[in-house]
Structure formats: structure tokens, C-alpha cells
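Breakdown of the fold
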Amino acid sequence: MTRLSDEHTEDLIRESLEHLATRAPDGAEIRDALAQHPRSRPTMALALVAAAVAIIALGVPLGLRAFTAVPPASARNADWSVLPYKPGWLPDGFKEASRGGKPYPAPLSRSWAAGELGQIDLLITPLSDRSAPWTIAPAPNQIIVHGRVGMATEVTAWSTMLTWSPDDVYLLSMTLSHLKDPRAVGERIAEAMVPDGRARVSGELRFGRLPADLELSGVKTFMKDNGGVTELEATRAGEPTAAAVVTASLSGDRPVPDGVEPVPLEVRGLDGVYLPEREGPLGHQDGTIAVQLEGGRWLTVSGERDRAALLDVANSLQIIQGDYSWFGKPPE
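Residues numbered from 1 in each chain as written. Predicted model: local features only at pLDDT ≥ 70, side-chain atom pairs only at ≥ 80, totals over all residues. Heavy atoms only, no water.

**What to know about helix 4 (residues 182–191)**
V185, G186, I189 and A190 are the residues of helix 4 that are buried. All buried residues of helix 4 fall inside an arc of 135° around its axis, so they share one side. Tucked into the core, helix 4 has its buried residues touching strand 3 (85–87), strand 6 (119–126), strand 7 (142–145), strand 9 (159–164), strand 10 (170–177) and strand 11 (193–195). (Buried < 20%, exposed > 50% of the residue type's maximum accessible area, 1.4 Å probe, protein only. Helix = DSSP H or I, 4+ residues; strand = E, 2+ residues; numbered from the N terminus. Arc of directions from axis to C-beta. Contact = heavy atoms within 4.5 Å.)

This is the structure:
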């Protein structure tokens, strides 16, 4: 197992958390889907930095390994689509809104929303197999969760992050946004956190063919007003925490041309389009293949590859039965 330096670990965690935040569903859309009045999603930048600093402060180096190879005696689940923890208690009104899975050593994610009552985001980051003492400072920020020391940090005027480890395998970082008395609520949730192992990130897409230098690096599922959404990411092989090179999604959203003329082409035997790489009101957009499937949903593939490569990815994607039965439910 290769050990990372503290400096490399900090960069790795910050980059992976920032990338997760950019891929997270819009908070307003989640709350709309829960039939609540929308409210803008809080900025996560300070929370991400706080998480990175907290992890380094704990003095727990991460081990880097291929996520397909797990030591037989490891307590870590070999299947990174399985979510290992869930709250045993949440305030009334909070319902699950999103799930995300990424290979080791990137965090797994879950979120719960309750309209005007706020939002709770949980990141579950694998630790190394080697345990280490917790070194948290300053004292006013310390929390105790089942005898283990953790940290509570006010990251903005409207959000508080709690970071702790429930065992020697995982680090949990929970951000509570727009809640009343978030630290007290967060400590109660942390005390009530229980092992899960049944919850899965199970979307409606699987990659078929990918360019030889790429591999699957993430799955995210959530709901919008127009139905369930599955997003896939592929990064360069061996770099699961790097920025995605190619993404694929299945949703009810029609892709926005953003100032370019769509190029007609056949995708999966249907009339689709290619949107060239572009700069527009939405910022930089990679080349995109898009096709509307039977039933009205849109399949899109985007990324830093030419049209032929993106088309091949789109044509080989597998559409499977997804599981959104967990959406809009409190912890069970």
C-alpha cells in the first residue's frame, strides 16, 4: 500500500471534495422535487477547505490503492456503490435527496433536504487501514461522539460542519445548512449515526466502451421535478479523484446549445445532435452528444474527446433499471 504525504493528502481531499461539490445537484431543484419552497443552495467552498484542514489536523494519512483490490481482512466494503453509514435520527421533515459513489480514496456522499428547514450533506471518506490518534484544536471546537473526539466548525453564517470518525475505517464530514442551532442538531445526528451497508448508489446507466485511457470514476443519482437523474464520470485510469474527462447523464433535461448550431447525427439509431466545444453564457462547455430517447428523456455524453469518441461512448452506454425508491424518505 502506498502512503501519501500530508501535503499530497490535503491536495487530494480538497480536490475530491471540490469536485464532488461541482457535481452535486442544485439545492433548489431538490427542494422543488420535495414540494417545498425553493431556496438557493449555500456556497460550499469554505466547508470544503475546512474538511481538508480537519482531515490533515487529525494526523490520519490515507492509503492509496486500486479500488478493485481489497485486502481480504479489510473492514472497508469492496463495493464502493454501497453507502456504509446513515443517520439513525434526523429532525422532522428531512428526506433523502441525493446519493453519490466514487472509488477509493474519494468520498461517498448522501444528502437530506427539508425545504425552508435546511439541508444536510454527508461525506464519507475512507481512512487508511492504520489507525492514528486524533489531534483536534482548539478546544471550543471539539465534540465527543461515542467517546471519540471530533470537530465542529462554523464555515459560513448559515452552515456548520462536523467532522468525526465512527470507527477506524471511515471519516464522516457533515454540513448542516440553514438549520436552527446547527451544532446541537449536528451532534445529535452524529451520536445517532449507524452502520448501513444496504443503501446503494444504483443509477440507470453503465458505461460500455470507454477510450482506452479512461475508466469509471463516479456515479451520482438524484431527483428533479422531471424525474430521476443518473450521472456517470470517467477519469484517466488510476486517477479516481481527478476531474472527469468524460461524463454521461440520463435525465429529463434537454441540453442547452449555448450559442452553437447543433450538428445532426445518428445516436443509438435515433436522430441526435452534436454540440461542439463552446464558450457562452454558461461558460466553457465541452463537446456534447445528445439524443432524446423513447419516453422523452435525454441521454447526453460530454467531455474532452473528439466527436467520434463521444459518439462511441454514447452508442455503447447500457440503460438499466435504476433505484429511486429511497428518494424523499427519512432514514429507515
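After presenting the structure, the write-up continues.
**Quick look at the pairing of strand 21 (residues 298–303)**
Of all six residues that make up strand 21, six are buried, and the element is covered over most of its length. Here strand 21 shows no split at all, with W298, T300 and S302 on one side and L299, V301 and G303 on the other all buried. Bridging between strand 15 (residues 246–251) and strand 21 involves six bridges; their strand directions are antiparallel. Following the sheet pairing, S249 is matched in strand 21 by T300. (Pairing = 2+ DSSP bridges.)

**Considerations on the environment of G150**
Among the structural elements, G150 can be located in strand 8 (residues 148–156). Look at G150 and you get buried, because its relative accessible area is 0%.

**Focus: the pairing of strand 14 (residues 227–236)**
Across the 10 residues that make up strand 14, a large majority, nine, are buried. Looking at chain direction, strand 13 (residues 214–224) and strand 14 are connected through 10 bridges and run antiparallel. Looking at the pairing, K224 lines up with G227 of strand 14. In this structure, strand 14 lies alongside strand 15, joined through five bridges in antiparallel fashion. Its bridge partner being in strand 15, L232 is matched across the sheet by A248.

**Here we look at the side chain of R278**
Structurally, R278 can be placed in strand 18 (residues 278–280). No salt bridge is formed by the buried R278; the nearest opposite charge belongs to D258, separated by 4.9 Å. A polar contact is formed between the side chain of R278 and the backbone oxygen of P257, at a distance of 3.1 Å. Within the structure, R278 has its side chain in polar contact with the backbone oxygen of D286 (distance 3.1 Å). In this structure R278 touches V256, P257, D258, V260, G283, H284, Q285, D286 and T288, once residues within four positions along its chain are discounted. (Lys, Arg positive; Asp, Glu negative; His and termini not counted. Salt bridge = Lys/Arg side-chain N within 4 Å of Asp/Glu carboxyl O. Polar contact = N/O pair within 3.5 Å; in protein donor to acceptor, adjacent residues only side chain to side chain.)

**Describing unusual backbone geometry**
That bond from Y104 to P105 is cis: its omega, 10°, falls within 30 degrees of zero. Its place among the elements puts P105 in the loop between strand 4 (95–101) and strand 5 (108–113). Notably, H146 is not glycine yet its phi reads approximately 50°, a positive angle. By the element assignment, H146 lies in the loop between strand 7 and strand 8. Given the relative accessible area of 58%, H146 is considered exposed. A positive phi angle is found at D258, which is not glycine, with a value near 55°.

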